[in-house]
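# Structural overview
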Amino acid sequence: MVFLRLSSFAVLKRRLRKCEISRKHRVEKFQVFVQSRTFERKMKAVVYYSQRNMRVKDVPTPRIEEDEILVNMKACGVCGSDLMDWYLRSRAPLVLGHEPAGVVARKGRKVEGFSVNDRVFVHHHVACMTCHYCLHGDHTLCQKFHETNIEPGGFAEYFKVPASNVRLDTLKIPDHLSFEEATLIEPVGCCIRALRKCEVHAGDSIAVIGAGATGLIHTALARIYGASPIFVSDLIGFRLDFARKFGADFAINPNSENLKDIVRAETGGRGADVVVVTAPNLEAYKTGMDVCRKGGKISVFAPTIPEDHLQISPKELFFSEVKIIPSYSTSHLETRSALSLMETGRLRVGELVTHRFRLKETGKAFATALEGRESLKVVVLNE
Ligand SMILES: [Zn+2]
Ligand SMILES: [Zn+2]
């Protein structure tokens, strides 16, 4: 009896001890959980109300789930689409910035392949990979592509990367690529996609209308793809100088030279095989139609304001067989190609960054990008 009592006492003691250990374990787990959920420090984010009204605000640092990461933004590019007020007005107020690079500040328990302190580029949109569009390679038309986003946006000290973006399109940046350069992965991806859709072949002649950052990236890519000759047109001399540096055989200012004549003269009177319109205005599209050869391709890369319409005669289109090929955004396929071209040094686009601003000066960064004349790529830094 005594023995039994002693024995059951020992069992009870052991059980209690086990309980104690698991309680301690649970408490620890709970503390880690609470810590990961309550990164309560406020952070700065730049809220867009309109093109001329952007405010730096204190907002809560996003909390991450166990399959998400939190990134400390280091650099974020200002994109042409950030300057399209008609596109943003209905969604304002919001935090913009979809060309971000930074450092992983926190990661959820279930995140694999990334560690705290990893340097990363994050793509804000990712496709579902299973819908009709995705199965046909039209990833940027997928509903989920439009619904996914980083939170609150790139123009903030930190942003949260949802699980699907972590899995599909968060890329580690090699050490020799700066954060600033990494912000160009997204725009380079957009250009790669547009040229892929046009099926550019070595020896094809290309005309790039507009020599802003994306026009120049197209120029550099066209050179890599073996296109020849490459024509670039822009109204600003400073940009044409860049175009020559980036591989243009002919950098033409339509104010002083006749683009159409030059393109025809250099292509046996035909016109360019591929025309990429990167300037968001009707004039640019008219010029593009003018310099495209019969059976050629016109890449619609820059949207105009919604009120603008091009008049196209189906009869002329029928007989000329000109193909109009729009390209919106970039998928995970092209961001990888972009990173690969950039990390191997095949594509050097860092020079495109002409202006840098601190996070609290994001309003100024936008004004500079809008002004346009002496700027190509404007980047906001958080250092
Ligand atoms: Zn962009
Ligand atoms: Zn899909």
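Before any of the text, the structure's been laid out above.
The structure reproduced in this document is the subject of the present report. (Residues numbered from 1 in each chain as written. Chains lettered and ligands numbered in written order. Predicted model: local features only at pLDDT ≥ 70, side-chain atom pairs only at ≥ 80, totals over all residues.)

## As for the overall build of the protein
Summing up its helical and strand segments, the protein has 14 helices and 15 strands in all. Among the 383 residues that make up the protein, the fraction classed as buried is 42%. For the protein, contacts bridging at least 24 residues in sequence account for 67% of all contacts bridging at least 6. (Helix = DSSP H or I, 4+ residues; strand = E, 2+ residues; numbered from the N terminus. Buried ≥ 20, exposed ≤ 12 C-beta atoms within 10 Å, placed from the backbone. Contact = placed C-beta atoms within 7 Å.)

## Some details on the nonpolar core
In this structure, Val71, Val188, Ile206, Leu216, Val275 and Val277 are the most contacted members of the largest nonpolar core, which totals 95 residues. Structurally, this core is a two-domain feature, drawing no fewer than three residues from each of domain 1 (42-184 + 349-381) and domain 2 (191-326). Beyond its immediate stretch of four places on either side in the chain, Val71 contacts Gly102, Val103, Val104, Ala105, Val120, Val122, Tyr158, Phe159 and Val161. (Core = buried A, V, L, I, M, F, W, Y, C linked by C-beta atoms within 7 Å. Domains from an automatic or database assignment.)

## Remarks on helix 7 (residues 185-197)
For helix 7, spanning 13 residues, the distance from its first C-alpha to its last is 18 Å, which sits close to the expected 18 Å at 1.5 Å a residue. Counted residue by residue, helix 7 has 11 buried out of 13 residues, so it is predominantly covered. Of all the residues in helix 7, the buried ones are Ile185, Glu186, Pro187, Val188, Gly189, Cys190, Cys191, Ile192, Arg193, Ala194 and Leu195. Directly beyond the C-terminal end of helix 7, a positive phi value near 45 degrees is found at Glu199. (Expected span 1.5 Å × (residues − 1).)

## A look at the packing of helix 10 (residues 259-266) against helix 11 (residues 282-291)
For the pair helix 10 and helix 11, the least separation of the axes is 9 Å and the interaxial angle reads 25 degrees. Looking at the two axes, helix 10 sits roughly parallel to helix 11. Judged by the twist between their axes, the crossing of helix 10 over helix 11 is right-handed. Here helix 10 contributes Leu259, Lys260 and Val263 to the contact with helix 11, which in turn contributes Thr287, Asp290 and Val291. (Axes fitted to C-alpha atoms, helices over the stretch in contact; angles between N-to-C directions. Parallel < 35°, antiparallel > 145°, perpendicular 65-115°, else oblique. Left-handed = near helix turned anticlockwise from the far one by under 90°.)

## Concerning the environment of Cys191
The topology assignment puts Cys191 in helix 7. Expressed as a C-alpha distance, the spacing of Cys191 and His218, which sit 27 residues apart in the sequence, is 5.9 Å. Ignoring any residue separated from it by four or fewer positions in sequence, one finds Cys191 in contact with Thr214, Ile217, His218 and Leu221.

## Describing the pairing of strand 1 (residues 42-50)
Here strand 1 pairs with strand 2 (residues 53-60) via eight bridges, running antiparallel. Its bridge partner lying in strand 2, Lys44 is registered against Asp58. Between the end of strand 1 and the start of strand 2, which pair antiparallel, lie two residues. (Pairing = 2+ DSSP bridges.)

## Describing the pairing of strand 6 (residues 158-161)
The two faces of strand 6 match: Tyr158 and Lys160 on one face and Phe159 and Val161 on the other face are all buried. The pairing of strand 3 (residues 69-78) with strand 6 spans four bridges and is classified as antiparallel. Each bridged residue has a counterpart across the sheet, and for Asn72 the counterpart in strand 6 is Tyr158.

## Concerning the sheet that holds strand 12 (residues 292-300)
Read across the sheet, six strands follow the order 10-9-8-11-12-13 without closing on themselves; strand pairing throughout is parallel. Edge positions in the sheet fall to strand 10 (250-252) and strand 13 (323-326), since each has one partner strand and no second. Each strand axis lies, on average, 15 degrees off the axis of its neighbour in the sheet, ignoring direction. As judged from the five bridges shared by strand 11 (residues 272-277) and strand 12, these two strands associate in the parallel manner. Paired with Val276 across the two strands is Ser299, which belongs to strand 12. Those strands touched by helix 8 (residues 213-224) are strand 8 (206-209), strand 9 (230-233) and strand 11, and its axis lies near 175 degrees from that of strand 9. Contacts between helix 11 and the sheet are confined to strand 8, strand 9, strand 11 and strand 12, with strand 11 contributing the most and set at about 175 degrees to the helix.

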